[in-house]
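# Coordinates in review
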Amino acid sequence: MAELLSDGEIDTALAELPGWRRAGDSLVRTVESPSFPDAVELVGKVAEAAEAANHHPDIDIRWRKVTYTLSTHSAGGLTQLDLDLAAQIDALAG
């Protein structure tokens, strides 16, 4: 099982993850795409990355806006898995 991150580790990581915010035991970011098809295409890319990492975000699609919520449920909070996937989502979102 992945180790939970300390508050300090999370705060340090968030400084390197613009657009992400902490919401309790989760990291959250909303990405706005130019069009609905672009938003859905990004979700597909994130799904592939998540599947490869065996770490799956909660995804909420609202027209061109997609909100990604990351948490390691099996650990009961935030782990390095969440930070890694957040960085991958950032890279995919451009």
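Presented here is a report on the structure given in the accompanying data block. (Residues numbered from 1 in each chain as written. Predicted model: local features only at pLDDT ≥ 70, side-chain atom pairs only at ≥ 80, totals over all residues. Heavy atoms only, no water.)

### Let's talk about the pattern of salt bridges
Definition in use: Salt bridges, as used here, are contacts in which a Lys or Arg side-chain nitrogen is within 4 Å of a carboxyl oxygen on Asp or Glu. By the criteria applied, helices consist of DSSP H or I runs no shorter than four residues and strands consist of E runs no shorter than two, each listed in order from the N terminus. Partly exposed describes any residue whose relative accessible area lies between the buried limit of under 20% and the exposed limit of over 50%, with all areas from a 1.4 Å probe on protein chains only and scaled to the type maximum.
One pass over the full model with this rule turns up five salt bridges. Across the pair Asp 90 and Arg 29 runs a salt bridge whose closest N-O atoms are separated by 2.5 Å. Highlighted residues: Asp 90 in helix α3 (residues 80-93) and Arg 29 in strand β2 (residues 26-32), separated in sequence by 61 residues. Across this residue pair, the class does not change: Asp 90 and Arg 29 are buried. A salt bridge links Arg 64 to Glu 32; the nearest nitrogen and oxygen atoms lie 2.7 Å apart. Here the residue Arg 64 occupies a position in the loop between β3 (58-62) and β4 (65-70), and Glu 32 occupies one in strand β2, the gap between them amounting to 32 residues. Since its relative accessible area comes to 22%, Arg 64 is described here as partly exposed.

### Thoughts on the sheet that holds β4
Operational definition: Two strands are said to pair when DSSP picks up at least two bridges between them. Whenever a helix is involved, its axis is fitted only over the stretch in contact; in every case the axis is a line through C-alpha atoms, and angles between N-to-C directions fall within 0 to 180 degrees. The contact criterion used is simple: two residues touch if any of their non-hydrogen atoms lie within 4.5 Å.
Sheet architecture is open: four strands sit in the order β1-β2-β4-β3, paired in antiparallel fashion. Across the chains shown, the open sheet's two edge strands, defined by having one partner strand only, are β1 (21-23) and β3. Going from strand to strand, the sheet's axes swing by 25 degrees on average, the running direction of each strand aside. Relative to β2, β1 runs antiparallel, the two being bridged by three bridges. By the bridge assignment for β2, Arg 21 is matched with Val 28. Against the sheet, helix α1 (residues 7-14) makes contact with β1 and β2, and its axis sits at roughly 145 degrees relative to β1, the strand it touches most.

### Quick notes on the packing of helix α2 (residues 36-53) against α3
What counts, and what does not: Note on convention: near helix rotated counterclockwise from far helix by under a right angle means a left-handed crossing. Clockwise means right-handed. Residue classes follow a fixed rule: Ala, Val, Leu, Ile, Met, Phe, Trp, Tyr, Cys and Pro count as nonpolar, while Asp, Glu, Lys and Arg count as charged, and any other residue, Gly among them, counts as polar.
Where α2 meets α3, the closest approach of the two axes is 10 Å, and the angle between their N-to-C directions is 145 degrees. Crossing of α2 over α3 shows right-handed handedness. Residue-level contacts link Leu 42, Lys 45, Val 46, Ala 49 and Ala 50 of α2 to Leu 85, Gln 88, Ile 89, Leu 92 and Ala 93 of α3. Here the residues of the contact of α2 with α3 sort into eight nonpolar, one polar and one charged.

### What to know about unusual backbone geometry
Of note, Asn 54 is a non-glycine position whose phi angle comes to about 55 degrees, a positive value. Tracing the backbone shows Asn 54 in the loop between α2 and β3. Overall, Asn 54 belongs to the exposed group, its relative accessible area being 62%.

Purely geometric numbers; function is a separate question.
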